[in-house]
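A closer look at the structure
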Amino acid sequence: MGHSGSGFSKTGLDRLREVLARHVESGRIPGLVALVGRGGETHVEAIGTMRHDGGAPMRRDTIFRMASTSKPVAMAAAMVLLDECRLRLDDLVDPWLPELADRRVLKRIDGPLDDTVPARRPITVRDLLTSTFGLGMDMTALGTPIMGAVFEQGLTPDLPEPMPGPDEWMRRLGTLPLMYQPGERWQYQISHDVLSVLVARVTGQSLETFLRERIFDPLGMKDTAFHVPADKIDRLPVLYAPDPQSGEFHVWDEAVGGRWSSPPAFQGSGGGLVSTADDYHAYFRMLLNGGMHGSERILSRPAVELMTTNRLTPEQQAARHAMAVNNVHLSFGQGQHGGWGMGMAVRTYRGDYAPIGQFGWDGGSGTSTYADPDNQLTGILLTQVGMSVPNSALLIHDFWTTLYQAIDD
């Protein structure tokens, strides 16, 4: 069970609070909720306000847009289907996703969309689970015809228009060639939303209903969903995307009447969830406990191990590493230290204060959620400042740097 320490030192937790408070007092982060857990000990800080010009205080039960930290949680739906043999890792996806049958693949990543070769093989479930099916948000390929087409077709979240319903979304995706051969290269984002459709088609339920029955309800994740109902909307802060030049707080999404105030056309596991620090803590504790929640099994231990250990080949790992470190100016340093499991990053080398084996992910809305098996540690930091500016990323860095110093052995 890792180390035997009591959890965190009082001095360390005091310093953590000071560092977090400094970011809020700077005026750049209106408010935050931070949760740290180790063994049986949980410590929460709620600092600042729901709006940059004041408003209600942040609370432990404030609901946040989880953005890409949706990925590690929504991935559990697919793992349930693997556990129950309703899907197999090397099943072809064609019977469920006929839109992805008979793929063409670009000859060159920056080539015209009709300059293609046939895919060497069909797409498998494994390709989707490991983000290697051939399409993704490739920040090294911005300005290419294929990335232009992805944006024009409305295939990603965060565009001015929300994504269309699952069947129309799949239809549009099916009009595009792949960027790389199936299984060849790790690429971000799009595979998770394809999985959203796959889970719904296999189960005959909406992704949210299936997640609620199999993951959210058993774990007591009562505030985790794809939208915020009217009776909870006062717990959702404004989401800001500050101006990169002036730093002015532009509202990207209001609470009332905003994107998360009603059910979306597309329940996207790539970035659609809203949740709370305690809900996410329950989920990551379950992963640390090998799939158990109290005496109830949520996922099998092997399923958790598949999710939370590196799945990439050395070649794929090299490409992911190059992408991360060469784009560190875009990511503000987030997500560069290692490999990828299923739905989450996995530390494969020591690049900062966190040890090898730490798993989790960060979100563009200013969220960070990781667990560390070595130290039996979970850390969750939630803000309402999007990563159009480095402010929330810098806060996240300082959170982890300080948290790792607060471990008391």
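Residues numbered from 1 in each chain as written. Predicted model: local features only at pLDDT ≥ 70, side-chain atom pairs only at ≥ 80, totals over all residues. Heavy atoms only, no water.

1. Remarks on the overall build of the protein chain
- For the protein chain, the count of helices and strands is twelve helices and 18 strands.
- Taken against the 2.2 N^0.38 rule, which gives 22 Å for 409 residues, the C-alpha radius of gyration of the protein chain at 20 Å falls within 12% of a compact globule.
- Its C-alpha atoms put the protein chain at 60 × 50 × 40 Å along the principal axes.
- Counting every position in the protein chain, which comprises 409 residues, the buried fraction comes to 58%.
- When the accessible surface of the protein chain is split by element, carbon and sulfur atoms take 52% of a total near 16000 Å².
- Both charge centroids of the protein chain, one from 37 positive and one from 48 negative side chains, sit 3 Å from each other. (Helix = DSSP H or I, 4+ residues; strand = E, 2+ residues; numbered from the N terminus. Rg over C-alpha atoms; globule rule 2.2 N^0.38 Å. Buried < 20%, exposed > 50% of the residue type's maximum accessible area, 1.4 Å probe, protein only. Areas by Shrake-Rupley, 256 points an atom, 1.4 Å probe, with all protein chains shown as cover. Lys, Arg positive; Asp, Glu negative; His and termini not counted. Charge placed at Lys NZ, Arg CZ, Asp CG, Glu CD.)

2. Some thoughts on the environment of glycine 37
- For glycine 37, the position within the fold is in strand S2 (residues 31–38).
- Each C-alpha atom, one on glycine 37 and one on arginine 103, is 45 Å from the other, the two residues being 66 residues apart in sequence.
- Once you skip the residues sitting within four places of it in the chain, glycine 37 turns out to touch Phe8, Thr42, His281, Gln376, Leu377 and Thr378. (Contact = heavy atoms within 4.5 Å.)

3. A few points about helix H6 (residues 190–203)
- Compared with the 20 Å implied by 1.5 Å per residue over 14 residues, the 20 Å span of H6 between its first and last C-alpha is a close match.
- Burial analysis of H6 places twelve of its 14 residues in the buried class, the great majority of the element.
- Of the residues making up H6, those classed as buried are Ile190, Ser191, His192, Asp193, Val194, Leu195, Ser196, Val197, Leu198, Val199, Val202 and Thr203.
- Trailing H6 by a residue or two, glycine 204 shows a phi angle of about 70°, which is positive. (Expected span 1.5 Å × (residues − 1).)

4. Digging into the pairing of strand S4 (residues 54–57)
- In this structure, strand S3 (residues 41–51) lies alongside S4, joined through two bridges in antiparallel fashion. Within S4, the position partnered with arginine 51 by the bridge is glycine 54. (Pairing = 2+ DSSP bridges.)

5. Notes on the packing of helix H2 (residues 70–83) against helix H7 (residues 207–219)
- Relative to each other, H2 and H7 sit at 80°, their axes nearing to 10 Å. Accordingly, the angle class assigned to the pair H2 and H7 is roughly perpendicular. Residues Val73, Ala74, Ala76, Ala77, Val80 and Leu81 of H2 lie in contact with H7, whose contacting residues are Leu207, Phe210, Leu211, Arg214, Ile215 and Phe216.
- Taken together, the residues of the contact of H2 with H7 break down into eleven nonpolar, no polar and one charged. (Axes fitted to C-alpha atoms, helices over the stretch in contact; angles between N-to-C directions. Parallel < 35°, antiparallel > 145°, perpendicular 65-115°, else oblique. Nonpolar A, V, L, I, M, F, W, Y, C, P; charged D, E, K, R; others polar.)

6. Structural notes on the packing of helix H5 (residues 166–173) against H6
- Direction vectors running N to C along H5 and H6 enclose 130°, while the axes themselves pass 11 Å from each other. Here H5 is positioned oblique relative to H6, judged by the angle of their axes. The handedness of the crossing between H5 and H6 comes out as left-handed. Between H5 and H6, the contacting residues are Pro166, Asp167, Trp169, Met170 and Leu173 on the first element and Ile190, Asp193, Val194, Val197 and Arg201 on the second.
- Looking at the contact of H5 with H6 residue by residue, the classes come out as seven nonpolar, no polar and three charged. (Left-handed = near helix turned anticlockwise from the far one by under 90°.)

7. Description of the pairing of S3
- By the bridge criterion, eight bridges tie S2 to S3 in an arrangement that is antiparallel. The partner of valine 36 across the bridge, within S3, is histidine 43.
- Once S2 ends, the chain turns through two residues before running back antiparallel as S3, passing glycine 39 with a positive phi of about 55°.
- What sits between the antiparallel neighbours S3 and S4 is a turn of two residues.

8. A word on the sheet that holds S3
- Taken in spatial order, the eight strands line up as S4-S3-S2-S17-S16-S15-S14-S13 in an open sheet, and their pairing is antiparallel. The open sheet terminates on both sides in strands that have one partner only, identified here as S4 and strand S13 (338–340). Adjacent strand axes in the sheet meet at a mean angle of 20° when their direction is disregarded.
- Relative to S13, helix H10 (residues 314–326) is tilted by about 115°, and along the sheet it contacts S13, strand S14 (345–347) and strand S15 (359–363).
- The strands that helix H12 (residues 391–405) touches are S2, S15, strand S16 (367–372) and strand S17 (377–383); relative to S17, the one it contacts most, it runs at about 155°.

9. Let's talk about the layout of surface pockets
- Quantified by volume, the largest pocket comes out at close to 1600 Å³.
- Lining the largest pocket are 50 residues; nearest its centre among them are Ser68, Met139, Asp158, Tyr188 and Gly364.
- Among the secondary structure elements, those contributing two or more residues to the lining of the largest pocket are strand S8 (239–240), H10, helix H11 (328–331) and S15.
- Across the lining of the largest pocket, the residue classes tally to 26 nonpolar, 17 polar and seven charged. (1 Å grid on protein atoms, 1.4 Å probe; cavity = no way out; pocket = protein on both sides within 12 Å on 5 of 7 lines; lining within 4 Å. Points joined across faces, edges and corners; volume = space filled by probe spheres on them.)

10. Quick word on the side chain of histidine 281
- For histidine 281, the position within the fold is in helix H8 (residues 277–288).
- Under the relative-accessibility criterion, histidine 281 is labelled buried at 10%.
- Excluding anything up to four places from it in sequence, histidine 281 contacts Leu35, Gly37, Thr42, Thr378 and Ile380.

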